[in-house]
Amino acid sequence: MKTKAKKKEILEKKKKENKKFLRFVKTNQKYEKFQKAILNGKGPKLKHNNKKATQKIKIKSKESVPIHVKSFDNIIEPNTFSKAYDFIFDKVVNDHVKNLLYDTHMLYCNLDLSTSYNIGKAYNFPINLIHSYYMDVIILVSDESEKWRNMVIENKIKRVKKVITYDKFEGVYYKDDMLNEQISKYDLFIFDATIRTKKYAHIISRIKKNNKTFTTLQLDEDTFADSIDKVIRRTYTDLNKGSTHSVPIGYLSLGKDKLFDNIREATKGMLQFYEQKKMSVVSINLRYVNMTIPVYIHVLKDGVASDY
């Protein structure tokens, strides 16, 4: 008798649980149908027999706050840069003692940071410019130098003066004096990415000592002209662990207008980089040899730091 009673209890419980489960499934199915109808814009029309006076409530719309996007294009004013350039130019022209030539010393955009940079080191940190300041470019390829040389001629890339295979370059200019002469001759060395870096490590060290520039590039027939053009209009800086970074922007012979375009572009790229690293710039200076002239100083206005 006891076992029969227990079986009945268990059966009744199961029935109740099944009823609950079925109700749960049905309600969920109804909800899913309702949700789909709302999403599709086909909601069921509800009939209200009792018309109640609804209270009209005016909801004040939130004032649309314009999204502020930081613009780094107009940090340096043309008038400020013009005065700095004129001062340097007059100094160079009137300086007969040192006899400085236009194309022997580089103009730099110096960026002074609020704190010392310690987020790693990168010798060849790339920065895009508007105008190229390289005059003599050499491309060292792994093979088929004739093919790449013809492409340079066809696309009229005048700044590229020589295309040679690396093996031939190393074989011809194996002596120290000959190698040094070649390194002093060119201001940009483009290495084919297919050449192993370890192979020309000793040449890179010499390039660095002579304050020349080098980069690697994946050569491709379809994008050759565009890739070379981008590389030639690119400069590089050393992100050391100090509090000042110097970005080359060109020689005096490039002219005031082109140098202004370059310093604006370089500043824009560097400030975007510093913003990502959450670092602030105290001042931006134009440097030539031992002359450093500020063209932008980050000031405080009413106790609040002004935006870039």
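Residues numbered from 1 in each chain as written. Predicted model: local features only at pLDDT ≥ 70, side-chain atom pairs only at ≥ 80, totals over all residues. Heavy atoms only, no water.

Here the second largest pocket defines a volume of roughly 180 Å³. Sorting the residues of the lining of the second largest pocket by element identifies strand 2 (122-128) and helix 8 (256-276) as the ones contributing at least two each. If you tally residues by element for the lining of the second largest pocket, the top one is helix 8, at seven residues. Residues of the lining of the second largest pocket, tallied by class, amount to five nonpolar, four polar and two charged. (1 Å grid on protein atoms, 1.4 Å probe; cavity = no way out; pocket = protein on both sides within 12 Å on 5 of 7 lines; lining within 4 Å. Points joined across faces, edges and corners; volume = space filled by probe spheres on them. Helix = DSSP H or I, 4+ residues; strand = E, 2+ residues; numbered from the N terminus. Nonpolar A, V, L, I, M, F, W, Y, C, P; charged D, E, K, R; others polar.)

Here we come to the environment of Ile-249. Relative to the helices and strands, Ile-249 resides in strand 8 (residues 244-251). Residues Ile-249 and Arg-264 lie 15 residues apart in sequence; the distance between their C-alpha atoms is 9.6 Å. Every residue in contact with Ile-249, bar those within four places of it in the chain, is listed here: Met-106, Leu-107, Tyr-108, Cys-109, Leu-129, Tyr-133, Leu-254, Leu-259, Asn-262, Ile-263, Ala-266 and Leu-286. (Contact = heavy atoms within 4.5 Å.)

Right, let's talk about the packing of helix 2 (residues 78-94) against helix 8 for a bit. Contact pair helix 2 / helix 8: the axes reach a minimum separation of 11 Å and the direction vectors enclose 120°. By the angle class used here, helix 2 and helix 8 are oblique. For helix 2 against helix 8, the interelement crossing comes out right-handed. Along its contact with helix 2, which presents Pro-78, Phe-81, Ser-82, Tyr-85 and Asp-86, the element helix 8 presents Lys-256, Leu-259, Phe-260, Ile-263 and Arg-264. For the contact of helix 2 with helix 8, the class distribution of residues is six nonpolar, one polar and three charged. (Axes fitted to C-alpha atoms, helices over the stretch in contact; angles between N-to-C directions. Parallel < 35°, antiparallel > 145°, perpendicular 65-115°, else oblique. Left-handed = near helix turned anticlockwise from the far one by under 90°.)

Moving on: the confidence of the model for the chain. Predicted confidence across the chain gives a mean pLDDT of 78, with 70% of residues reaching 70 or more. No element of the chain has a lower mean pLDDT than strand 11 (residues 300-301), at 38, and none a higher one than strand 3 (residues 137-141), at 96. Predicted confidence is poor over residues 34-69, with pLDDT under 50, and the contacts of this stretch with residues over four places away or in other chains come to five contacts. (pLDDT = per-residue confidence, 0-100.)

Take the sheet that holds strand 4 (residues 160-165) next. The four strands are arranged 4-3-5-6 in an open sheet whose pairing can be described as parallel. Of all the strands in the sheet, just strand 4 and strand 6 (213-217) have a single pairing partner and so form its edges. Strand-to-strand, the axes of this sheet are offset by a mean angle of 20°, without reference to chain direction. Here strand 5 (residues 188-192) runs beside strand 6; their pairing, made up of five bridges, is parallel. Counted as the bridge partner of Leu-188 is Thr-213 from strand 6. Taken strand by strand, helix 6 (residues 201-209) contacts strand 5 and strand 6, and its axis lies near 140° from that of strand 6. (Pairing = 2+ DSSP bridges.)

Positionally, His-245 belongs in strand 8. By relative accessible area, which is 0% here, His-245 ends up buried. Side chain to side chain, His-245 and Tyr-274 meet in a polar contact 2.7 Å long. Not counting chain neighbours up to four residues away, the residues in contact with His-245 comprise Cys-109, Asn-110, Leu-111, Leu-113, Tyr-117, Asp-238, Leu-239, Asn-240, Met-270 and Tyr-274. (Buried < 20%, exposed > 50% of the residue type's maximum accessible area, 1.4 Å probe, protein only. Polar contact = N/O pair within 3.5 Å; in protein donor to acceptor, adjacent residues only side chain to side chain.)

If you walk through the whole model with that rule in mind, you get 13 aromatic pairs. On the numbers, 5.2 Å between centres and 55° between planes, the contact of Phe-169 with Tyr-173 is tilted. Both residues of the pair, Phe-169 and Tyr-173, belong to the buried class. Taken together, the ring pairs in this structure connect Phe-81, Tyr-85, Phe-89 and Phe-260 into an aromatic cluster. The aromatic ring of Trp-148 is capped on one face by Lys-147, whose charged end is 4.3 Å from the ring centroid. The aromatic ring of Tyr-108 is capped on one face by Arg-287, whose charged end is 4.3 Å from the ring centroid. (Phe/Tyr/Trp six-rings, centres within 6.5 Å; stacked < 30°, edge-to-face > 60°. Lys NZ or Arg CZ within 6 Å of the ring centre and 35° of its normal.)

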